[in-house]
Amino acid sequence: MTSSFSNLSLAEPLARAVAEMGYESMTPIQAQAIPVVLTGQDVMGAAQTGTGKTAAFSLPLLQRLLKHENSSTSPARHPVRALVLLPTRELADQVAQQIALYAKYTKLRSTVVFGGMDMKPQTLELKKGVEVLVATPGRLLDHIEAKNAVLNQVEYVVLDEADRMLDIGFLPDLQRILSYLPKQRTTLLFSATFSPEIKRLASSYLQNPITIEVARPNETASTVEQRFYSAGDDDKRRAIHQVLKTRGIKQAFIFVNSKLGCGRLARSLEREGLKTAALHGDKSQDERLKALEAFKQGEVDLLVCTDVAARGLDIKDVPAVFNFDVPFNAEDYVHRIGRTGRAGASGLAVTLVSGSDARLVGDIEKLIKKKIELEAIEYDDDRPKERINDGRRAWREGADSNDPRSAGSAHRREAREPREPREGREPRDYRGFRPATVSRDPFFAKPYEPSVSDAAPAWEAAAKVPARSGISANIKPKRKVAALFKAVPATEPTSQS
Ligand code: AMP
């Protein structure tokens, strides 16, 4: 169901901003949520980033705030009246930017506070007075404790991406923040799923909420070519090199399931000659913005990221997406590959599947309602895999001799070959590294570890994936495998704000 914004009787400044954004009709979540939020009722909305959710809550909030809009310059006349909480810095920043655009023709003020940045500029903004405050929970508590943010006049609170906030462990922070707010208020909660934890949160903090659900994304664009390759954990980097080379791909997102795995993979690929940046929750805001900008400018080719860090990122389209780790949630698969093949462009989504991923691949198959065929990658060379998988070995062999004609050097040149398909770039090699430097780097000193531990060998055997077979027909993982995966958190385990 879609309908026109003109049916809403939005105030002129908001209608003008919406028209300027080029929105023609409302998205389903907007059509359902805006009229309800305009009445001031609590809402529990199941909607994900990319559905137009931000406008769905911020336009009606701004409309209601406009009733007491004032042009006074006194900070006291601009108390925080609406609070929007989000799990990550990127999401907070993006939502704040959108709100600023919708509010640009009003006198309402808005700002954003999140961790990883100096408190001072944020404090200055808060002291000027803002009606709409967008924040991540941890940093907001810092500002509350420093008495920079006073929340006793908040009329509206939005808990956005609530499931992610709980996953990350923000519940105690949320409880504290909510305890500072007036009881008489409107509370809007948005979450990708209504898990029992989310329902509990809602029953504690929402009053007679109206539930709004829009279709979950379970469809993948037909413009995305989805390939599932069988690759042991030791073969996955080699597989990435091979696919990049054979398909002539210049830029891609590579998704991994953990922060640790993210940093490690990025460093490994960088050492292997690819321009790579890592994007995960432990990166400072500055580092993240730089990585994003470098990717947008084409200075970085591979953005290795976790789901949390990538969620809602404003990068419209990439030629390819790799799932280095199969995601724990099938819905994350749809999100991840939705980064490519947008707006009719063709895209490639490559998922690297190891023996212990059977259950996860089965979940994806169920969600996208498509049979997944597992393929084997054909490598250009049949050198022993450890030589290719481990650039350090190639380097060590080369370093044994200074003679460029030595066997080591020859091997080194050969080992680099798959890494040189790109135009106009000096390929990296391993000659720049000295043995001492390498052994002192604790990462380099041990082999690459996959970000998620494999199932025990016996279970792995139970879930063995034969190459080129229909997965569902061949894999019946034991319950133990499922239990193992349940125990692993789907999101980054530490606080990000
Ligand atoms: P969101 O789900 O709020 O992150 O929004 C995703 C993207 O959709 C943003 O770039 C919005 O600017 C855009 N958007 C939101 N509402 C509409 C609409 N009604 N028509 C077209 N684009 C929209």
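Residues numbered from 1 in each chain as written. Predicted model: local features only at pLDDT ≥ 70, side-chain atom pairs only at ≥ 80, totals over all residues. Heavy atoms only, no water.

The protein goes by DEAD-box ATP-dependent RNA helicase RhpA in an unreviewed UniProt entry, where it is assigned to Acidovorax temperans. According to the UniProt record, the Sequence similarities (unreviewed entry) comment for the protein is "Belongs to the DEAD box helicase family." The annotation that UniProt attaches to the protein under Catalytic activity (unreviewed entry) is "ATP + H2O = ADP + phosphate + H(+)". (UniProt positions renumbered as here; feature names shortened; annotations may be inferred.)

Another aspect to go through is the nonpolar core. In a soluble, globular protein the nonpolar side chains are often hidden away together inside. Residues Phe-5, Phe-57, Leu-59, Leu-61, Val-84, Val-134 and Leu-188 are the most contacted members of the largest nonpolar core, which totals 43 residues. Put simply, the parts of the chain that give this core at least two residues each are α1 (12-21), α2 (28-38), α3 (53-65), β2 (82-85), α4 (89-102), β4 (132-135), β5 (156-159) and β6 (186-191). Considering every element that reaches this core, the biggest residue donor is α3, with seven residues. Sequence-distant contacts of Phe-5, defined by excluding residues within four places in its chain, comprise Leu-10, Val-18, Tyr-23, Glu-24, Ser-25, Met-26, Gln-30, Ile-34 and Leu-59. With 34 residues, the next largest nonpolar core counts Leu-83, Leu-141, Val-157 and Met-165 among its residues. (Core = buried A, V, L, I, M, F, W, Y, C linked by side-chain atoms within 4.5 Å. Buried < 20%, exposed > 50% of the residue type's maximum accessible area, 1.4 Å probe, protein only. Helix = DSSP H or I, 4+ residues; strand = E, 2+ residues; numbered from the N terminus. Contact = heavy atoms within 4.5 Å.)

Turning next to the packing of aromatic side chains. Remark: the centre distance and the inter-plane angle together describe each pair of aromatic rings, the angle taken between the planes. In this structure the tally under the stated criterion is six aromatic pairs. Between Phe-253 and Phe-255, the aromatic rings sit 6.0 Å apart at their centres with planes inclined by 65 degrees, giving edge-to-face as the arrangement. The buried category is assigned to Phe-253, whose relative accessible area is 0%. These aromatic residues form a ring-pair network of at least three members: Phe-5, Tyr-23 and Tyr-102. Over the ring of Tyr-105 we find Arg-16; its NZ or CZ atom is 4.0 Å from the centre of that ring. Its end group placed over the ring of Phe-324, Lys-236 keeps NZ or CZ at 5.4 Å from the ring centre. (Phe/Tyr/Trp six-rings, centres within 6.5 Å; stacked < 30°, edge-to-face > 60°. Lys NZ or Arg CZ within 6 Å of the ring centre and 35° of its normal.)

A word on the side chain of Asn-257. Among the structural elements, Asn-257 can be located in the loop between β9 (252-255) and α11 (259-271). What makes Asn-257 buried here is its relative accessible area of 7%. Looking at Asn-257, its side chain comes within polar contact range of the side chain of Arg-336, at 2.8 Å. (Polar contact = N/O pair within 3.5 Å; in protein donor to acceptor, adjacent residues only side chain to side chain.)

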